[in-house]
Amino acid sequence: MAPVASRRVRRRVRSSKRPAAPGRSAEDWWWDRLAPQGSGYHLLQADSMLLVLPDLEPPRARAHRRARRRAPRSLARGPTAVAKPRTKPLPEPSLDQGLDSGWGDRIPLEVLVHIFGLLVAAHGPMPFLGRAARVCRHWHEATSHPSLWHTVTLSPSLVGRAGKGNLKGEKKLLACLEWLVPNRFSQLQSLTLIHWKSQVHSVLELVSKFCPRLTFLKLSDCHTVTAETLVMLARACCQLHSLDLHHSMVESTAVVSFLEEAGSRMRKLWLTYSSQTTAILGALLDNCCPQLQVLQVSTGMNCNNTPLQLPVEALQKGCPQLQVLRLLNLIWLPKPCGRGVPQGPGFPSLEELCLAGSTCNFVSNEVLGRLLHRSPKLRLLDLRGCARVTPSGLCHLPCQELEQLYLGLYGISDGLTLAKDGSPLLTRKWYHTLRELDFSGQGFSEKDLEQALAVFSGTPGGLHPALCSLNLRGTRVTPSTVSSVISGCPGLLYLNLESCRCLPRGLKRIYRGLEEVQWCLEQLLTSPPSAREPT
């Protein structure tokens, strides 16, 4: 006779090969796909976390229940046979014995929702909430709370080959969304679609019907996005004010139609530069989005070498509330203004300006003055790659509380005549507010850098400077200058000294964290004078 354990294993294998019972609901089918339930344990997985929970019923109680179902066997046959006396049932385990008896049910629903909210904020609602819903009814009720589904990212899984497999993955995920969207997404606020090729319209149609609180939509690497789709979404979701179309194939007519419908409430817009960007910017110049606060235009995977001509003054009139302007890795030309034409209204609310690029651009002191001549609230200025901008042009800007200044030149300074002095003009103007400073690749002399960085070691009133990040890669900074900066900035957490020709060997690297920065200071102070000579 086969052992009892072997018979159980065979029965379990045979039962696992049986087809699914007909008449199951869409919700059961959805949870089965997201959270398959094993024998004896429930698995909860959220990326890097795996939680194994035993069954809520104690093992001793299960063994006792199986023992009661078995009939007593006699020791001999016949009228004189004596039956084996039935054993006494074991007492039920109590909480005082330390055995688990449904701890998940004893957690208040509000506390459980709060715990799930922390996990959702770190890893997203899917697939964690789908798997957690299979633990017990109490957890199922907690995962059904609409507040946990306010931010969702949907990306179809690749099934089979890359061509047809992506279409199969989209159809499978769309079938799940037909139940999930009406039952969970009532408070959805932020939606991101990634790698959707053919079913974007169907997904957004579901969202437009059941997600009236949607405020942010991101389409990354999505195709077949039509004007009808975006206009339908703009009319159904009256709170939608942010649209991210970075790296997506969207016709300019579709974007313009969307802005005409929802432009009065638009706050944020992200675009990928192409030959059709001019038409979209034309709609912005016509005062289509007067409340726009964030505008970003950047290149895609395939860089477009066609220069973008941007009328600065017209953009200032069309978007007077702009707070963030990013023109990343673009070759753009400001449209020249005629002689005697007064300056534009500027950007009085601008707090961040990013003109960084990997190639030499046409940003000069004159262009920067046209952009920022009325921007006193500027906090971040990113001019990496703008080799034509000089310290004398920057010191005339009206902003007085700049916190982040990036002037790094990465691999594009060869063959260019760089300024060798003027860095003290920048640090003396903003030393009391600067938190991050980038001089990478600049040609300032040793004496000029010493004077510029000396302001961080002798602040008036005994107050420590706010500097916490300093990039001096490829500059002619000296060991004594670095030592004074570290000593005067106790909050310095990032220091880049790569390729600094005046520093000794072994110290030309990046230092992250307070301990590494202090170790660098100790090495500079204890190294012999011969080791401090330029190498």
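All values derive from a computational prediction rather than experimental measurement.

Rules used throughout
Residues numbered from 1 in each chain as written. Predicted model: local features only at pLDDT ≥ 70, side-chain atom pairs only at ≥ 80, totals over all residues. Heavy atoms only, no water. Helix = DSSP H or I, 4+ residues; strand = E, 2+ residues; numbered from the N terminus. Buried < 20%, exposed > 50% of the residue type's maximum accessible area, 1.4 Å probe, protein only. Contact = heavy atoms within 4.5 Å. Phe/Tyr/Trp six-rings, centres within 6.5 Å; stacked < 30°, edge-to-face > 60°. Pairing = 2+ DSSP bridges. Right-handed = clockwise from strand over helix to strand, strands pointing away. Salt bridge = Lys/Arg side-chain N within 4 Å of Asp/Glu carboxyl O. Axes fitted to C-alpha atoms, helices over the stretch in contact; angles between N-to-C directions. Parallel < 35°, antiparallel > 145°, perpendicular 65-115°, else oblique. Left-handed = near helix turned anticlockwise from the far one by under 90°.

**Student:** Account for the environment of leucine 173, naming residues and giving values.
**Tutor:** Locating leucine 173 in the fold gives a position in helix H8 (residues 162-184). We classify leucine 173 as buried; its relative accessible area is 15%. Remark: the alpha-carbon pair of leucine 173 and proline 156, spanning 17 residues in sequence, is separated by 6.2 Å. Look past the residues within four positions of leucine 173 in its chain and what remains in contact with it is Leu154, Ser155, Pro156 and Trp196.

**Student:** So what's going on with the packing of aromatic side chains? Which residues, and what values?
**Tutor:** Applying the stated criterion to the full structure yields 6 aromatic pairs. Aromatic pair phenylalanine 116 and phenylalanine 128: ring centres 5.4 Å apart, planes at 80°, arrangement edge-to-face. Of this pair, phenylalanine 116 sits in helix H5 (residues 109-123) while phenylalanine 128 sits in helix H6 (residues 128-132); the two residues are 12 residues apart in sequence, bridging distant segments of the chain. Take phenylalanine 116 and phenylalanine 128: they sit in the same class, and that class is buried. Judged by centre distance (5.9 Å) and plane angle (40°), the rings of tryptophan 149 and phenylalanine 185 are tilted.

**Student:** Describe the pairing of strand S8 (residues 294-298), and please don't skip the residues or the numbers.
**Tutor:** Along S8, 5 of the 5 residues are buried, which leaves the element largely enclosed by surrounding structure. Taking every second residue as pointing to the same face, both faces of S8 are buried, with Val294, Gln296 and Ser298 on one and Leu295 and Val297 on the other. When strand S7 (residues 268-272) meets S8, the two strands line up parallel, connected through 5 bridges. Along S8, the bridge assignment pairs threonine 272 with serine 298. Handedness of the crossover is the feature at issue here: the chain leaves S7, passes through helix H12 (residues 277-285), returns alongside S8, and the resulting connection is right-handed.

**Student:** Just give me the short version of helix H14 (residues 365-372), but keep the residues and values in it.
**Tutor:** Along H14, the positions that sit buried rather than exposed are Val367, Leu368, Arg370, Leu371 and Leu372. Buried residues along H14 sit against helix H13 (312-318), strand S11 (332-334), strand S12 (352-354), strand S13 (380-382) and helix H15 (391-394).

**Student:** Can you explain the environment of serine 358? Please cite residues and give values.
**Tutor:** Mapped onto the elements of the fold, serine 358 is located in the loop between S12 and H14. Spatially, the C-alpha atoms of serine 358 and leucine 330 are 8.6 Å apart, while their sequence positions differ by 28 residues.

**Student:** Describe the side chain of serine 375, and please don't skip the residues or the numbers.
**Tutor:** Mapped onto the secondary structure, serine 375 falls in the loop between H14 and S13. Overall, the relative accessible area of 1% leaves serine 375 in the buried class. Apart from residues lying up to four places away in sequence, serine 375 is in contact with Phe347, Leu350, Pro398 and Cys399.

**Student:** Explain the pattern of salt bridges to me, using residue names and the numbers behind them.
**Tutor:** All told, the structure shown has 13 salt bridges when counted by the stated rule. One salt bridge connects glutamate 205 with lysine 209, and the closest N-O pair in it is separated by 3.9 Å. Of this pair, glutamate 205 and lysine 209 both sit in helix H9 (residues 200-210), 4 residues apart, which is roughly one turn of the helix. Looking at lysine 209, the relative accessible area reads 57%, which means it is exposed. In this structure, arginine 235 and glutamate 261 form a salt bridge, with 3.6 Å as the shortest nitrogen-oxygen distance.

**Student:** Hey, could you go over unusual backbone geometry for me, with residue numbers and the actual values?
**Tutor:** Notably, histidine 195 is not glycine yet its phi reads approximately 65°, a positive angle. Its location among the elements puts histidine 195 in the loop between strand S4 (190-194) and H9. Despite not being glycine, serine 499 shows a phi value in the positive range, around 60°. Secondary-structure assignment places serine 499 in the loop between strand S17 (494-496) and strand S18 (510-512). Overall, the relative accessible area of 47% leaves serine 499 in the partly exposed class.

**Student:** Please set out helix H11 (residues 252-262) residue by residue, giving values where relevant.
**Tutor:** Buried within H11 we find Ser252, Ala254, Val255, Val256, Phe258, Leu259 and Ala262. At its buried positions, H11 is contacted by helix H10 (227-236), strand S6 (242-244), S7 and H12.

**Student:** Account for the packing of helix H18 (residues 479-488) against helix H19 (residues 514-526), naming residues and giving values.
**Tutor:** Each pair of packed helices gets described by two things: the angle between the helix axes and the distance between those axes. The geometry of H18 relative to H19 is characterised by a closest axis approach of 10 Å and an angle of 135° between their N-to-C directions. Accordingly, the angle class assigned to the pair H18 and H19 is oblique. In this structure, H18 crosses over H19, and the sense of that crossing is left-handed. Taken together, the residues of H19 that come into contact with H18 (itself represented by Pro479, Val482, Ser483, Ile486 and Ser487) are Val517, Gln518, Cys520, Leu521, Leu524 and Leu525.

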